[in-house]
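The lines below spell out each chain.
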Amino acid sequence: MALYHFSVKVLSRSSRNTVRSLAYRAGCKLYDERTGESFNYQNKPVQHVELVLPHDAPEWAVKIQELMKVDCQKGVQAFSDMVERAEKRIDAQVYREFEFALHRELTEEKNMALAREFVEDQICSHGMAAQLNFHFDVDPKTGEEKPHCHVTATLRYLEENGLSSKKERAWNSKEYLCGLRVKWEEYSNFHLKLHGYDVQIDHRCHKERGIELEPQPKLGRGVREQEKRLQQREGGERHSPITDRAQLFHECQLRNLYRIMRNPDVVLDIVTKHHATFMWADVQKVLHRYVDELPLFQRLESKLKNSNELLFLKSDVKSGEIYTTHTMLKAEKSLIEIAEKLDQSKTHSVNGEHIEYALTKAKQALEDKGGLSEDQVKAINHLVDAGQIKCVVGIAGAGKTTALGVCQDIWKAEGYAVYGLAPTGKAAQNLESKTLEQSGIQSITVHKFLKSFDEGRCHYK
């Protein structure tokens, strides 16, 4: 199941050797000019490393990018040297690290394409250079895949002769960094949907999502190893948690366990927050997060299988038994009924003269590129026809955005106001771009619109 994880932190000399940190993330050997030390992490499995730059990056940065493609070791060393030389203070902040979980549903190539697109659009477009370090880890004990990416970004702009003399403080703003968490959710859900996966991730906390359970504190590898050593010193591994972190985790897990015992259906609620239909293994994975003891796990699993909320859909040869919940089915039926009512409502018609004028204007503007295609003309006529809901499907690059631009001209000529909603920030930016091939429609993401709606304010005036 796809999971949401996105964290941001600064790599500073005050708490670590930043050259060593970069070497660890890139899985290579680096030399620190400032201290004279070498750090070798070539035995660490890192599947891919690349440098992403702003579109107007200077030549020296492009050369480092190309060097990293040919020789990762030399490329990462050159990038490290350039960034380290720009920092003079012994306690300087050197990099900002964005760490996010990749998705087990996607292949390595598709995950890398997703991460690259996100970093190019939302990080490097502001002027940063960012090194992407892809770790497709697999737990040796359980065989569980743990793909993730470490993005180490500069804190200074790229200039012709190196990095800027001053750091850009706007990149530290809470609004920008919190916005990136939302953007990663949007990009991930779009790519998962694009590749045929009916699953979603959500950046919101349990409370905001209407889930009764508490978020459990993370037990890192260091905490688990320390706990294991202390347990063995005490005479076994079945004693109560010893470290403060382990105690907090245990107390939170216990409170969540009581909530599940009172209402096991909360497990089904968590599963359907990710995808509308699911297999029983998805239920077991969620239940296993909160229940360790096998007898209790089996009792709760039995209650879930007999729950009035659970709804069996079909048995698939490849996937096995497919389920949903009555609540989810009711919500989807409601959406279908609303769509059918909107389809029957024949409003927002337009004058045929406005259609002909806009089509002629668009064909002339795009004459050097072959004009509008026959499919685009059909799509435009379909979209502007009377009705409150329309649907057009097409592959990337088919000209959907161009067609929407023509539709906007027609609707505006009729006196309508036109606004755009998009699944990702990049899609919203494309809708707003004012070129011959794009519409220039004032747009925001669906998430931002719904948030403003829930807060009782309208984004558009």
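Refer to the structure printed above.
Residues numbered from 1 in each chain as written. Predicted model: local features only at pLDDT ≥ 70, side-chain atom pairs only at ≥ 80, totals over all residues. Heavy atoms only, no water.

Considering the pattern of salt bridges
Okay, so step 1: Tallied over the full model, the rule gives 14 salt bridges.
Okay, so step 2: In this structure, K69 engages E66 in a salt bridge whose closest nitrogen and oxygen atoms are separated by 3.5 Å. Remark: E66 and K69 occur in helix α2 (residues 59–70); sequence separation between them is three residues, near one turn of the helix.
Okay, so step 3: With a relative accessible area of 39%, E66 lands in the partly exposed category.
Okay, so step 4: Each of the salt bridges in this network shares a partner with another, and the network as a whole consists of K9, R25 and E97. (Salt bridge = Lys/Arg side-chain N within 4 Å of Asp/Glu carboxyl O. Helix = DSSP H or I, 4+ residues; strand = E, 2+ residues; numbered from the N terminus. Buried < 20%, exposed > 50% of the residue type's maximum accessible area, 1.4 Å probe, protein only.)

Some remarks on the packing of helix α8 (residues 244–262) against helix α11 (residues 294–305)
Okay, so step 1: Relative orientation of the contacting elements α8 and α11 amounts to 40°, with a least axis distance of 10 Å. The orientation of α8 relative to α11 falls into the category oblique. Regarding α8 and α11, the two cross each other, and that crossing is left-handed. From α8, L257, I260 and M261 reach across to α11, where they touch L296, L300 and K303.
Okay, so step 2: Residues belonging to the contact of α8 with α11 are distributed by class as follows: five nonpolar, no polar and one charged. (Axes fitted to C-alpha atoms, helices over the stretch in contact; angles between N-to-C directions. Parallel < 35°, antiparallel > 145°, perpendicular 65-115°, else oblique. Left-handed = near helix turned anticlockwise from the far one by under 90°. Contact = heavy atoms within 4.5 Å. Nonpolar A, V, L, I, M, F, W, Y, C, P; charged D, E, K, R; others polar.)

Looking at the pairing of strand β6 (residues 130–138)
Okay, so step 1: By the criterion of burial, β6 is predominantly enclosed, with seven of the nine residues buried.
Okay, so step 2: Pairing geometry for strand β4 (residues 48–52) and β6, over five bridges, is antiparallel. Note on β6: the bridge partner recorded for E50 is L132.
Okay, so step 3: Hairpin connection, β6 to strand β7 (residues 145–154): the antiparallel pair is bridged by six residues, and G143 has positive phi, about 75°. (Pairing = 2+ DSSP bridges.)

Some details on the packing of aromatic side chains
Both the distance between ring centres and the angle between the ring planes are used here to describe each pair of aromatic rings.
Okay, so step 1: A complete count under the given rule lists 14 aromatic pairs for this structure.
Okay, so step 2: Within the aromatic cluster, the residues linked to one another by ring pairs are F6, F98, F100, F118, W184 and Y187. (Phe/Tyr/Trp six-rings, centres within 6.5 Å; stacked < 30°, edge-to-face > 60°.)

Considerations on a nonpolar patch on the surface
Okay, so step 1: A grouping of L254, Y258 and M261 is seen on the molecular surface, where their side chains present a nonpolar patch of about 260 Å² in accessible area.
Okay, so step 2: When you line up the elements, M261 lands in helix α8. (Patch = residues over 30% accessible without salt bridge, like charges linked within 9 Å, V, L, I, M, F, W, Y side chains within 5 Å. Areas by Shrake-Rupley, 256 points an atom, 1.4 Å probe, with all protein chains shown as cover.)

Quick look at the sheet that holds β7
Within a sheet, each strand pairs with its neighbour through backbone hydrogen bonds, oriented either parallel or antiparallel.
Okay, so step 1: Taking strand neighbours across the sheet as the criterion, the five strands line up as β1-β5-β7-β6-β4 in an open arrangement whose pairing is antiparallel. What marks the edges here is a single partner per strand, and that holds for β1 (6–12) and β4. Averaged over neighbouring strand pairs, the angle between their axes works out to 20° when direction is ignored.
Okay, so step 2: Alignment of β6 against β7, held across nine bridges, turns out to be antiparallel. Directly across from A130, in β7, lies its bridge partner A153.

Examining unusual backbone geometry
Okay, so step 1: For H348, which is not a glycine, the phi torsion comes out positive at approximately 60°.
Okay, so step 2: One can find H348 in the loop between α12 (326–344) and α13 (352–365).
Okay, so step 3: Accessibility expressed as a relative area gives 41% for H348, which makes it partly exposed.

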